[in-house]
Amino acid sequence: MGEKGESSKSAMLKHAEEEELNTKRLKTVEGEESNMVEETENIKLKTSDEIIFEVEPSIVKEMVTIQTFIEDNNNETSIPIPLPNVTSNTLRRILEFKARGFDEEFVKTLGMDEVFELILAANYLNMKTLLDILTKIIADFIKNKSVEFVRKFFNIVNDFTPEEEAKIREENAWAFEGFECDD
Amino acid sequence: MAIAMPESSSSSSSSTTKRQKQEQHIHQQEEQPLIPGLPDHIAQLCLSSINPCLLFSISHSWRRLIYSPSFPPFFSLYAILSHSHSSAVIQFHTFDPISATWLPLPPHPPLHHLLLRRHPSFLSRNLSVQSVSAANRLVLLAATTHNLSPALPRPLIFHPLTKTWSFGPTLSTPRRWCALGSLGPTVYVASGIGSHFSIHVARSLQKWNLQNPNAVWEKKTELKDGRFSREAIDAVGWKQKLCMVNVKGDAAKEGVVYDVAEDAWKEMPEGMLHGWRGPVAAMEEEVMYVVDEAKGVLRRYVEEEDSWEEILENERLKGAEKIVAWRGKLCVVSASSGISVVDVAAPSPRIWSVRLPEGFEPVTVHILPRIPAGV
């Protein structure tokens with residue numbers, strides 16, 4: 001399996017065709033790409049499935065793991081940086097999400113497995129903003145749901161005994177909202 | 001919370017027991033992660049803003065999370081209680097509203113005197129016990145000994161998040177009672193009396209910032225006379241001011257307001273004073289509430305109109321002696337009905353009673369972060 005070289009732009013286009021994205025949105029993405037001034041060289045990232053992406057330095061700066069790696073290696077950026085924990089699909093999604101300005105509605109169209117992949121990648125790449133947004137999306141989704149819904153959603157086994165379960169329903173009559181603590 | 005292992009039918013030799021313990025330990029480690037598919041530290045990020053009641057009900061590991069020192073704490077009640085019968089030494093307990101359980105606090109360091117709620121010779125009269133919360137700590141500041149002297153030369157402090165007791169800086173005149181309040185992390189003590197009346201003490205004001213480890217009591221502008229020294233007073237911290245009245249309950253009274261920014265005492269607005277007919281508390285130091293203890297009516301202060309609007313009337317609110325406010329809920333202590341919790345943030349206010357431990361009556365209540373597990 002040889003290495004495939006694709007620019008991030010053509011990867012996105014291909015992806016968009018596969019997903020049948022809205023063409024107007026596609027043009028906006030393309031437009032943004034072509035308007036960008038490419039004076040500094042794009043950084044090459046190689047995903048776990050051996051696909052190379054060329055990503056703008058400004059985006060790589062948000063990937064603290066990668067940025068640190070580059071700085072530790074005397075800013076040597078001609079060799080592709082391996083990302084053994086990130087697949088091409090996931091990196092593509094991250095770049096797409098970023099291009100859409102972290103629009104939460106986009107994440108809601110993804111399946112939970114994909115969202116988890118994004119979270120794991122954001123954690124690995126140390127992308128704090130992305131991680132905060134994704135964990136918030138999950139929190140917002142389960143906030144007002146029932147116990148049964150939350151267990152089913154996350155595949156959590158109910159390990160309470162019937163006596164413990166009965167007790168849960170009696171308790172929790174009131175509680176103080178919020179957690180924040182200054183000290 | 002250990003997961004129960006099936007009982008082994010083999011003989012209980014020491015090697016079998018050891019193996020069982022090892023198996024149990026491994027089983028606990030294999031217990032399901034918080035969110036399957038995510039490492040626990042990331043799952044914690046997702047769950048840190050979820051209602052603790054929901055987390056409590058999902059599974060054992062989600063339940064343990066809300067008590068973990070690394071997880072943002074929910075809030076519990078911290079109550080000073082005394083036995084209903086003659087032995088009236090005060091005790092400290094905490095009520096966890098998520099599991100609905102009472103637990104005594106760890107014992108405080110020994111004091112020279114017992115802290116009494118009632119004197120053995122005067123059972124019908126309560127001795128004042130005054131405490132305040134600031135900087136996520138409970139501070140006990142004024143109490144009386146069996147020979148009617150001030151019991152605490154230094155404030156006694158409990159910090160739930162470290163589950164530790166400590167002492168604050170020594171007061172130049174320890175008080176049997178005083179006007180006590182807080183604004184943010186700063187405690188204010190005004191007026192009151194020590195072992196005997198002194199006009200100097202009756203006019204005094206001092207403050208202490210709990211967040212400063214080397215803090216001492218700092219004198220501020222005095223009151224103009226001693227008319228606030230007659231009783232134990234709750235000074236209510238509200239919008240960077242301390243508001244107080246000099247007589248409890250429904251009787252005619254005088255009020256005064258201390259302005260922190262100007263370090264000056266000012267008149268209390270007339271409407272505020274007129275409606276101050278029982279214990280008062282300020283929600284997050286922004287919105288003031290009063291319980292009209294004679295009528296059992298809860299009211300909210302409307303600053304723009306200098307008047308109080310009614311929120312709720314309930315039998316349980318009669319005889320109210322103390323209230324505290326936090327995150328849309330009020331906790332009310334009444335001699336006749338014990339502890340109640342009122343939700344004032346809900347579209348229609350609700351009230352619950354909190355059952356006290358058998359044989360105890362409440363002196364006062366505070367709202368502070370829960371004690372973490374394993375501390």
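Residues numbered from 1 in each chain as written. Chains lettered and ligands numbered in written order. Predicted model: local features only at pLDDT ≥ 70, side-chain atom pairs only at ≥ 80, totals over all residues. Heavy atoms only, no water.

- Where an unreviewed UniProt entry is consulted, chain B appears under the name F-box domain-containing protein, with the organism given as Glycine max.

- As recorded in an unreviewed UniProt entry, chain A goes by SKP1-like protein and comes from Glycine max.
- Quoted straight from UniProt, the Sequence similarities (unreviewed entry) entry for chain A says "Belongs to the SKP1 family."
- The record in UniProt for chain A states the following under Pathway (unreviewed entry): "Protein modification; protein ubiquitination." (UniProt positions renumbered as here; feature names shortened; annotations may be inferred.)

As for the overall build of chain B
Okay, so step 1: Counting its secondary structure elements, chain B contains six helices and 27 strands.
Okay, so step 2: With the principal axes as the frame, chain B shows a C-alpha extent of 80 × 50 × 40 Å.
Okay, so step 3: Buried positions account for 53% of the 375 residues belonging to chain B.
Okay, so step 4: When the accessible surface of chain B is split by element, carbon and sulfur atoms take 52% of a total near 16,700 Å².
Okay, so step 5: When the 37 basic and 35 acidic side-chain charges of chain B are each reduced to a single mean position, those positions are 7 Å apart. (Helix = DSSP H or I, 4+ residues; strand = E, 2+ residues; numbered from the N terminus. Buried < 20%, exposed > 50% of the residue type's maximum accessible area, 1.4 Å probe, protein only. Areas by Shrake-Rupley, 256 points an atom, 1.4 Å probe, with all protein chains shown as cover. Lys, Arg positive; Asp, Glu negative; His and termini not counted. Charge placed at Lys NZ, Arg CZ, Asp CG, Glu CD.)

Some words on the overall build of chain A
Okay, so step 1: Along its length, chain A carries ten helices and four strands.
Okay, so step 2: Its helices and strands in sequence order give chain A the pattern β-α-α-β-β-α-α-β-α-α-α-α-α-α, from N to C terminus.
Okay, so step 3: Of all 183 residues assigned to chain A, the portion counted as buried reaches 40%.
Okay, so step 4: In chain A, of all internal contacts separated by at least 6 residues, the share reaching a separation of at least 24 is 60%.
Okay, so step 5: Of the roughly 10,800 Å² of accessible surface on chain A, 49% is carried by carbon and sulfur atoms. (Contact = heavy atoms within 4.5 Å.)

Remarks on the confidence of the model for chain A
Okay, so step 1: For chain A, per-residue confidence averages 79 on the pLDDT scale, and 73% of positions sit at 70 or higher.
Okay, so step 2: Note on residues 20–38 of chain A: pLDDT under 50 across the span, and 14 contacts to partners over four residues away in sequence or across chains. (pLDDT = per-residue confidence, 0-100.)

Some words on helix α4 (residues 64–72) of chain A
Residue and element names in this part refer to chain A.
Okay, so step 1: Regarding α4, the residues found buried are Ile66, Gln67 and Ile70. Around the axis of α4, the buried residues are gathered within 100° of arc, so they sit on the same side.
Okay, so step 2: Contacts from the buried residues of α4 go to β2 (43–47), α3 (57–60), β4 (81–83) and α7 (112–125).
Okay, so step 3: Within two residues after α4, Asn74 carries a phi angle of roughly 55°, on the positive side. (Arc of directions from axis to C-beta.)

Describing the domain arrangement of chain A
Residue and element names in this part refer to chain A.
Okay, so step 1: As assigned here, chain A comprises domain 1 (43–142) and domain 2 (145–177).
Okay, so step 2: The C-alpha-based centres of domain 1 and domain 2 are spaced at 34 Å.
Okay, so step 3: Listed as interface residues are five residues of domain 1 and, on the opposing side, five residues of domain 2.
Okay, so step 4: Carbon and sulfur atoms supply 79% of the area buried between domain 1 and domain 2, which totals about 510 Å² over both sides.
Okay, so step 5: It is Met112, Phe141 and Ile142 that lose the most area in domain 1 upon contact with domain 2, and together they represent 83% of the buried surface on that side. (Domains from an automatic or database assignment. Buried area = accessible area lost by both parts, 1.4 Å probe.)

Looking at the UniProt feature "domain: SKP1 component POZ" (unreviewed entry) in chain A
Okay, so step 1: Per the UniProt record, the feature "domain: SKP1 component POZ" (unreviewed entry) sits at residues 42–97 of chain A.
Okay, so step 2: Segment residues 42–97 of chain A splits into 41% helix and 23% strand. End C-alpha atoms: 19 Å apart.

Regarding the sheet that holds strand β24 (residues 329–334) of chain B
All names here are of chain B.
Okay, so step 1: In space, the four strands of this open sheet follow the order β23-β24-β25-β26, with antiparallel pairing throughout. Here the strands that pair on one side only, and so sit at the sheet edges, are β23 (320–326) and β26 (350–354). Recorded for the sheet is a direction-independent mean angle of 20° between the axes of neighbouring strands.
Okay, so step 2: Of the pairings in the sheet, the one linking strand β25 (residues 338–343) to β26 comprises five bridges and is antiparallel in character. The residue of β26 that forms the bridge with Val341 is Trp352. (Pairing = 2+ DSSP bridges. Axes fitted to C-alpha atoms, helices over the stretch in contact; angles between N-to-C directions.)

Things to note about the sheet that holds strand β14 (residues 233–234) of chain B
Okay, so step 1: Ordered in space as β13-β12-β11-β10-β14 (chain B), the five strands form an open sheet in which the pairing is mixed. Of all strands in the sheet, those bounded by a partner on one side alone are β13 (218–219) and β14 of chain B.

Here's the deal with helix α5 (residues 88–99) of chain A
All names here are of chain A.
Okay, so step 1: The end-to-end C-alpha distance of α5 is 16 Å, a good match for the 16 Å that twelve residues give at a rise of 1.5 Å each.
Okay, so step 2: Burial of α5 is extensive: nine of the twelve residues sit out of reach of the surface.
Okay, so step 3: Every buried residue of α5 is listed here: Ser88, Thr90, Leu91, Arg92, Arg93, Ile94, Leu95, Glu96 and Phe97.
Okay, so step 4: Looking one or two places after α5, you find Gly101, whose phi comes out positive at around 65°. (Expected span 1.5 Å × (residues − 1).)

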